[in-house]
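Residues per chain are reported as follows:
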Amino acid sequence: MAIDLTGISVFLAVAEMRSFRAAAAHLGVTRPAVSQAIRRLEDRLGVALVQRTTRSVNLTEAGEQLFQRVAPAIAEVGLALDAAADRDMAPSGLLRLAVSSIAERFISGPLLAGFADAYPAVQIDVTVTDEEFDIVAEGFDAGVRLGEVIDQDMIAIPVSGEQRQTVVAAPAYIERFGRPSHPSDLAQHRCIGWRPAPQTAPYRWEFGEEGREYDVAVNPEITTNDMWLMIRIACAGGGITFGMEETFRPYVASGQLVPLLEDYCPPFAGFFLYFPNRRNLAPKLRALVDHVKRCR
């Protein structure tokens, strides 16, 4: 089947904006032209993609599936075309990134140092934060977070492999209080918890068992928004804590911390560089995207 790129572009605009009027304004065409393009695409595919009423525009199940599969591919095509068009423009200017505090490999590894070395005209400003906000509204070019919490309308590029959260404690704590054999045992232990901000509840520890995912509220005796304080207290025998396996790895390797409940800590999709779905990326951001892909 020949690809109807015009119809796909119109469909993506309607799917993203949930409005024929807004899609027409964005594309610079009339509303009837948008309606005709959608109708032709549906006729070619033999399936309805859009449900339109006087008050709303929604995607059908087939339309939602098409949108989820096609949008990232079209975005990649756009990035490739933009890279070809602007290949002679040297990346420069301020690149603002909002990065999760637990994105250890991105923050501490050679990725950012390598990028800075390759593009000296780009000034990198990294804000390490675990607060949830609209990076576009706050003036950031991109962010790095776990894939499961990134909005679907963003383009996401992996910056790590699969990740895993794990439970750890110091040998001194285990010798004194013993090991939990099941996540439900944590209620009887001293726990060190994490919260993203002062007015938020402590993070609920997440586990998996026999294909089922669940979380446990551990009622921690000590709570903080500083991962490194959690680690220092845990190493001192102050309690059991929970976080990214990658963050704990050096302390486990040195024997300061011991993994616990490993059978209940399954892997999951890791960290992603994410940014708005824009047709024309600034050269500085496109350079970072290309750098991340090379490093991966």
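See the structure above.
Every value quoted in this text rests on a predicted model; they were computed, and no experiment measured them. (Residues numbered from 1 in each chain as written. Predicted model: local features only at pLDDT ≥ 70, side-chain atom pairs only at ≥ 80, totals over all residues. Heavy atoms only, no water.)

K.L.:
Sorry, what's going on with the overall build of the protein here?
P.N.:
A tally of regular secondary structure across the protein gives 10 helices and 15 strands. Look at the contacts in the protein between residues 6 or more apart in sequence, and 74% of them connect residues 24 or more apart. Working note: accessible area of the protein is about 16,100 Å², and carbon and sulfur atoms make up 50% of it. Within the protein, one finds 29 positive and 37 negative side-chain charges whose respective centroids are separated by 6 Å. (Helix = DSSP H or I, 4+ residues; strand = E, 2+ residues; numbered from the N terminus. Contact = heavy atoms within 4.5 Å. Areas by Shrake-Rupley, 256 points an atom, 1.4 Å probe, with all protein chains shown as cover. Lys, Arg positive; Asp, Glu negative; His and termini not counted. Charge placed at Lys NZ, Arg CZ, Asp CG, Glu CD.)

K.L.:
Explain the pattern of salt bridges to me, please; I cannot follow it from the model alone.
P.N.:
Where charged atoms from two side chains of opposite charge approach closely, those side chains can pair. Following the criterion strictly, the structure yields 7 salt bridges and no others. Its salt-bridge partner being Arg145, residue Glu132 comes within 3.7 Å of it at the nearest N-O pair. With a gap of 13 residues between them, Glu132 in the loop between β4 (122–128) and β5 (142–146) and Arg145 in strand β5 connect regions that are remote in the sequence. You can call Glu132 exposed: its relative accessible area is 64%. Among the ionic contacts, a cluster of salt bridges with common partners joins Arg164, Glu245, Arg249 and Glu262. (Salt bridge = Lys/Arg side-chain N within 4 Å of Asp/Glu carboxyl O. Buried < 20%, exposed > 50% of the residue type's maximum accessible area, 1.4 Å probe, protein only.)

K.L.:
Where do I start with helix α2 (residues 20–27) in this structure?
P.N.:
Structurally, the α-helix is built with 3.6 residues per turn, so residues lying three or four positions apart point the same way. When we look at burial in α2, the residues that qualify are Phe20, Ala23 and Ala24. An end-on view of α2 places all buried positions within 100 degrees of arc, on one side of the element. With respect to the buried face of α2, the exposed residues turned more than 90 degrees away are Arg21, Ala25 and His26. Contacts made by the buried residues of α2 are with α1 (5–17), α3 (31–45), β1 (50–52) and β2 (57–59). The opening residue of α2, the one whose side-chain oxygen lies 3.3 Å from the backbone nitrogen of Arg21, is Ser19. (Arc of directions from axis to C-beta. Polar contact = N/O pair within 3.5 Å; in protein donor to acceptor, adjacent residues only side chain to side chain.)

K.L.:
What should I look at first to understand the side chain of Thr241 in this one?
P.N.:
Structurally, Thr241 is set in strand β12 (residues 240–244). Exposure remark for Thr241: the relative accessible area of 0% places this residue in the buried category. Setting aside residues up to four positions removed in sequence, Thr241 forms contacts with Thr166, Val167, Val168, Ile192, Trp205, Met230, Ala234 and Phe248.

K.L.:
Just to check I follow, could you spell out the sheet that holds β4 for this structure?
P.N.:
The strands that make up a sheet pair up through hydrogen bonds in the backbone, lying either parallel or antiparallel. Read from one edge to the other, the open sheet built from 5 strands follows the order β4-β3-β5-β15-β6, with strand pairing classed as mixed. A single partner strand is all that each edge strand has here, and the edge strands are β4 and β6 (154–158). Here the average twist between neighbouring strands, direction ignored, is 25 degrees. One ladder, built from 3 bridges, connects strand β3 (residues 93–99) with β5; its direction is parallel. Bridging from a neighbouring strand, Leu97 pairs with Ala142 of β5. Strands β3 and β4 of the sheet are contacted by helix α6 (residues 110–118), whose axis makes an angle of about 160 degrees with β4. Relative to β3, helix α10 (residues 283–295) is tilted by about 55 degrees, and along the sheet it contacts β3, β4, β5, β6 and β15 (271–276). (Pairing = 2+ DSSP bridges. Axes fitted to C-alpha atoms, helices over the stretch in contact; angles between N-to-C directions.)

K.L.:
Help me understand unusual backbone geometry, please; the structure alone is not making it clear to me.
P.N.:
Where the residue is not glycine, phi is negative for most of them; where a peptide bond is considered, it is trans in most cases. For Arg18, which is not glycine, the phi dihedral falls at a positive 55 degrees. For Arg18, the location among the structural elements is in the loop between α1 and α2. Overall, the relative accessible area of 35% leaves Arg18 in the partly exposed class. Despite not being glycine, Glu210 shows a phi value in the positive range, around 55 degrees. Tracing the backbone shows Glu210 in the loop between β9 (205–209) and β10 (212–216).

K.L.:
Is there a simple way to think about the nonpolar core in this case?
P.N.:
Considering soluble globular proteins, one finds that nonpolar side chains tend to be buried as a cluster. Phe106, Leu273 and Phe275 are the most contacted members of the largest nonpolar core, which totals 40 residues. Those elements giving two or more residues to this core turn out to be β3, α6, β5, β6, β8 (191–194), α8 (227–235), β15 and α10. Not counting the four nearest positions on each side in its chain, Phe106 is found in contact with Leu97, Val99, Leu111, Leu112, Val144 and Val159. Core analysis: the second largest hydrophobic core is formed by 23 residues, Ala15, Ile38, Leu41 and Leu49 among them. (Core = buried A, V, L, I, M, F, W, Y, C linked by side-chain atoms within 4.5 Å.)

K.L.:
Explanation requested: the pairing of β10 in the structure shown.
P.N.:
Successive side chains on a regular strand alternate, one facing one side of the sheet and the next facing the other. In this structure, β9 lies alongside β10, joined through 5 bridges in antiparallel fashion. Along β10, the bridge assignment pairs Phe207 with Tyr214.

K.L.:
Even after reading the chapter, I still don't get the packing of aromatic side chains, so can you show me in this structure?
P.N.:
Geometrically, a pair of aromatic rings is defined through the distance of the ring centres and the angle of the planes. Here the structure, examined in full by the defined rule, presents 8 aromatic pairs. The interplanar angle of 40 degrees and the centroid separation of 5.7 Å between the aromatic rings of Phe133 and Phe140 together place this pair among those described as tilted. Here Phe133 falls in the partly exposed class, since its relative accessible area comes to 28%. Plain terms: the ring middles of Phe207 and Phe242 are 5.6 Å apart, the flat faces sit at 55 degrees to each other, and that makes the pair tilted. Residue Phe207 is found in strand β9, and its partner Phe242 is found in strand β12; the two are separated by 35 residues along the sequence. Each member of the pair, Phe207 together with Phe242, is buried. (Phe/Tyr/Trp six-rings, centres within 6.5 Å; stacked < 30°, edge-to-face > 60°.)

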